[in-house]
Amino acid sequence: MNMDTAPWSPRVARLGLIILLVFALIEGRLWSLQAIDGGRYLELSEQNRLRDYKVPAPRGVIYDRGGHPMVTNRPAFTVSVLPMEVSDPQRLASGLASILGVERDELLARLEAGRVRPFEPVALRRDVPKSVVMTIEERRLDLPGVIVQAEPVREYLLGSLGTHALGHLGEITEEELRAKPQYRAGDLIGKSGVERTHDTHLRGENGRLRVEVDAAGRPVRVLSRKSSRPGNSLVLNLDATLQGVAEKGLRGRTGAVVVMDPRSGEVLALASAPTFDPGLFSGGISPANWRQLTADRRLPLLNRSVESTYEPGSVFKVVTGLAALGEGVTQRDSRFECTGSLRLGRWVFRDLVVHGTVNFIKGTAVSCNVMFWQLGRALGEDRLEHYARALGLGRVTGIDLPGEAAGLVPSAAWKQRVWKEPWYPGDTLNMSIGQGFVLTTPVQIARMVGAVATGGKLVRPHLARRVLSPDGTEVMVFGRETEDAPLTLTPAARHAMREGMRAVVEGGTGAAAAVPGMAIAGKTGSAENPRGIPHAWFAGYAPIESPALVVVVFIEHGRRGGEVAAPIARALFEAARPLLAPQPAGLVRP
Amino acid sequence: MRARRLREVDWVLIGATILIAAFGVVALISARHGSADAASFLRARALHLSLGALALVALAATDYRQFAGAWQVVYAGTLVLLASVFVLGDTRMGAQRWIALGAFGGFQPSEVAKLALVITLARHLEGVKSLPRLRSLFPFALHIALPAVLIVRQPDLGTALVLLAVLAAVLYVAGARAQDLAGVAAAAAVAAPFLWRMLHDYQRRRLTAFLDPGADPLGAGYALIQSKIAVGSGQIFGKGLFAGTQSMLRFIPEQHTDFVFTVVGEELGLVGATLLLGLYLVWLWRALRIAEGARDRLGALVATGIAAMVAFHVVVNVGMTVGLMPVTGIPLPLVSHGGTAILTTLAGTGMLLSIHLRRRPGS
């Protein structure tokens, strides 16, 4: 036997070869993992350890025109969850439901929705009490992926005052997110009021916190920090005192108030009733509260000053009157015979009152339907439509509030298109007293009355006055925006209308709006509506010689404007008296 | 005489052993970096390596033929030891594999059994000059099957599989026909479904997770996904020693034991991983050279068995880490934490040295 090779040697050598081949296979696998796919795995390992948290920017403060803060922020805690770290959503939701006081199914739905972006924290409940934060910290190990972040929430210093003008916040929806790519999921965004229209000014810029976490998702160290930039502040034209008077007037009723400077369009008060507590939304509204708000048949979420349209009733007679005066159909002293009714072919239009012989002024003061029917008939629907449109009806005013309705100024063509019926002379009569098809919003009426007061200028009503940076420097000023109404009213016509409206307040249907020592012009309205008791309107302005204030009060089913709306207007005129000191442009500056 | 003997020692094998053990210490430091018990882990490792070195020297100095004296007694003792686990054993991590040894921690009979069975099997085969038929393999298959079943019951599937690998390698070198071994493998494949039924649910999940770790990313597939991320993210040169984020931030569970190779892959990259694999290859090359040059059939078979044992450990452990093989939970020799395993590997190395020192002249 050869001493150098034992019989088993070749077999050992082959075994060695097999081992070598298997090692080569492993080396090949290492090559593929590390050399070829290494970059991808490096990225995955970074994703493992890096968490970018949003540092929410405090929203800008909202001030009234006097510089008094109306909406600020207060620090609060938000409980969020990182979806990627939740292995058992069912269990987590069960554990958190009792701690957070949120229904399990809702938590699950939020977790599920958040799985699209597994590294973004999903807010489960905002503004939780400290006791909840402590409970979560104590049970941290049972709650993987749950984080508590400090996040400022909105504080409404005046409670529900100005709710509809100020608006409320809510979490951005998928739909909004698609339209606004600069926002991120989970961001709070203005849902109504100026919070919504001026959201870009108010929201600021969120910061980012890059944190290294361990496998359990516990933060190990902060790697980088980008501070948030607080949002800009917004100074409104609203006057908190006047707003308070407006809302007091509406208390217990359903309706709206608009107070505006007709020269500039500055909105001094804007109220809608019933209202709600915007603070309910600060920490994300609970399903129970949301159900209650949306199920309320009085629709508290609806901003009646701009979003709903109503028959203007006799307030529309301002349009008819101006058209008649402007077109020479009537003069100040033209006489009308009021027998309490008007015959049109085989139809008889009846009023409740027989006024006897009236001139234009008296007829306006007592809101004589018969006179305005006659004027309307003489004018025809085209000219009525033209004047109504010239005074801004039938289209949005452009006020800086969301959801503004356009209203409706009917025409023969419109009726044919929508109702498939011709325009009847009776329609013209109805229209001339603001009945029938005409629909307006309170803010449109305010602008219309403002145009009458100032001689034909249509201003754009606006709530925002100035935008201030967090350090107080002025970023933007919202000035007066007007358009010329295509009306050429003679001074005589304007004076006649003004006199008629003055007579409304001085002994006419709107006498309840009168304030001693203040020259007020106005018009009341009781708008018949098919849904029951008539709506009550008062729309007026003051002082007559140098108009600085338009007041519109609307009460749903208030029956008589003179009895229900006019007294509220009077309170507003009184309260606004300090603001009426002569000032050439705008009112008091903060 | 003594100087001549020292020159006869296989210094390459010793060098490879020391370097692999050094890799292990560094990997352990990294895997336990920053943890409160890092120091105690290091102390334990130092103790295991020292005891192992003593065993290595003692076994190298002893004639290997002496181990094989009363192989039936050793075999029976091994079976008793394995069975004693079910009576005396501690249950750790769901398995009853350890016997508590006070200050020394635990003792894992299945680890010692591997080495003992290599010897008894080699001794059992020593007198058999040929294995002409499939049937002639049966006594040896039974030799391994008995302890293997006991080990599977612990449950420790990985170690049982090591025994099968050792059996195959030793039988092959002993002269079994390749087609007969293939027949045994085929029979094992047929028996697999029955064995599958004996497994615990978690074992089945672990065994199948490597095929699609993404199917259960936070359960059975988690460690696999994270270990692939760790190794892959090391790229060519690694993230740097003690700079592996997967390691430092504990993304890999039980990293200091079964998944210790991820530390090397992540922190030292392809270069470091290849270096470690290269050291194992050197070790295995020396072990197989010792088998080739053994004075007698017993020495050759013992050396082959030890080499097969270590090779199987390395291949299965690293293969599992890189997602090539199922997770069976067997340690990476001299690198993974585990006293008995380190002791066994060093004792095996001592035996190799003993065989080498008493090799055929001229080989």
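For the structure itself, consult the block above.
Conventions adopted
- Residues numbered from 1 in each chain as written.
- Chains lettered and ligands numbered in written order.
- Predicted model: local features only at pLDDT ≥ 70, side-chain atom pairs only at ≥ 80, totals over all residues.
- Heavy atoms only, no water.
- Helix = DSSP H or I, 4+ residues; strand = E, 2+ residues; numbered from the N terminus.
- Rg over C-alpha atoms; globule rule 2.2 N^0.38 Å.
- Buried < 20%, exposed > 50% of the residue type's maximum accessible area, 1.4 Å probe, protein only.
- Contact = heavy atoms within 4.5 Å.
- Areas by Shrake-Rupley, 256 points an atom, 1.4 Å probe, with all protein chains shown as cover.
- Lys, Arg positive; Asp, Glu negative; His and termini not counted.
- Charge placed at Lys NZ, Arg CZ, Asp CG, Glu CD.
- 1 Å grid on protein atoms, 1.4 Å probe; cavity = no way out; pocket = protein on both sides within 12 Å on 5 of 7 lines; lining within 4 Å.
- Points joined across faces, edges and corners; volume = space filled by probe spheres on them.
- Nonpolar A, V, L, I, M, F, W, Y, C, P; charged D, E, K, R; others polar.
- Core = buried A, V, L, I, M, F, W, Y, C linked by side-chain atoms within 4.5 Å.
- Buried area = accessible area lost by both parts, 1.4 Å probe.
- Salt bridge = Lys/Arg side-chain N within 4 Å of Asp/Glu carboxyl O.
- Pairing = 2+ DSSP bridges.
- Axes fitted to C-alpha atoms, helices over the stretch in contact; angles between N-to-C directions.

(A) Quick look at the overall build of chain A. The helix and strand inventory of chain A stands at 20 helices and 23 strands. Taking 2.2 N^0.38 as the reference for a compact globule, 590 residues should give roughly 25 Å; the C-alpha atoms of chain A span a radius of gyration of 34 Å, well beyond that estimate. Projected onto its principal axes, the C-alpha coordinates of chain A cover approximately 150 × 50 × 40 Å. Looking at the 590 residues of chain A, the share that counts as buried comes to 54%. Contacts in chain A between residues far apart in sequence, at least 24 positions, make up 70% of those at least 6 positions apart. For chain A, the exposed surface amounts to about 24,800 Å²; the carbon and sulfur share of it is 54%. Of note, chain A has its 72 positive side-chain charges centred 3 Å away from the centre of its 61 negative side-chain charges.

(B) Region of interest: the layout of surface pockets. Looking at the largest pocket, its volume works out to about 1,700 Å³. For the largest pocket, the lining is made up of 44 residues, of which Leu161, Leu164, Ala165, Ala185 and Ala188 of chain B are closest to its centre. The set of elements that each furnish at least two residues to the lining of the largest pocket consists of helix 1 (9–36) of chain A together with helix 7 (138–152), helix 8 (157–174), helix 9 (178–198) and helix 14 (297–321) of chain B. Taken together, the residues of the lining of the largest pocket break down into 42 nonpolar, two polar and no charged.

(C) Here's a closer look at the nonpolar core. Leu30 of chain A together with Leu125, Leu171, Trp283 and Leu332 of chain B are the most contacted members of the largest nonpolar core, which has 107 residues in total. Residue contacts for Leu332 of chain B: discarding those within four places in its chain leaves Val260, Phe261, Leu276, Tyr280, Val314, Asn317 and Val318 of chain B.

(D) Highlighting the interface of chain A and chain B. Each side of the interface is counted separately: chain A has 40 residues, and chain B has 51 residues. Together, Trp8, Phe23 and Gln34 of chain A form the three largest contributors to the area buried by chain A at its contact with chain B, with a combined 20%. Counting across the chain A and chain B interface gives zero salt bridges. At the level of elements, helix 1, helix 2 (38–49) and strand 8 (207–213) of chain A are the ones that each hand at least two residues to the side of chain A that touches chain B. With 20 residues, helix 1 of chain A is the largest single contributor of residues to the side of chain A that touches chain B. Across the side of chain A that touches chain B, the residue classes tally to 23 nonpolar, nine polar and eight charged.

(E) Spatial organisation of empty space enclosed by the protein. Residue and element names in this part refer to chain A. Evaluation of the coordinates by the stated rule reveals six cavities of 30 Å³ or more. Of the volumes computed, that of the largest cavity is approximately 210 Å³. Taken together, 17 residues form the lining of the largest cavity, with Pro56, Ala57, Arg59, Leu188 and Asn206 sitting closest to its centre. Element by element, the count of residues in the lining of the largest cavity is highest for strand 5 (residues 146–156), at four residues.

(F) Expanded view of the sheet that holds strand 8 of chain A. Residue and element names in this part refer to chain A. Strand order in the open sheet formed by three strands is 1-8-9, with antiparallel pairing between adjacent strands. Looking at strand neighbours, the two that pair on one side only are strand 1 (50–55) and strand 9 (219–226), the edges of this open sheet. Taken pair by pair, the neighbouring strands of this sheet meet at an average axis angle of 25°, ignoring direction. Two strands pair when backbone bridges link them, and strand 1 and strand 8 are joined in this way by six bridges, in the antiparallel orientation. By the bridge assignment for strand 8, Asp52 is matched with Arg210. On the sheet, helix 2 packs against strand 1, strand 8 and strand 9 and is oriented at approximately 50° with respect to strand 1.

(G) Quick look at the sheet that holds strand 22 (residues 532–542) of chain A. All names here are of chain A. In space, the five strands of this open sheet follow the order 12-11-23-22-21, with antiparallel pairing throughout. One side of each edge strand has no neighbouring strand; the edge strands of this open sheet are strand 12 (267–273) and strand 21 (521–529). Between one strand axis and the next, the sheet turns through 5° on average, direction left out of account. In terms of strand pairing, strand 21 meets strand 22 through eight bridges, oriented antiparallel. In the strand pairing of strand 22, Gly525 is matched with Trp537.

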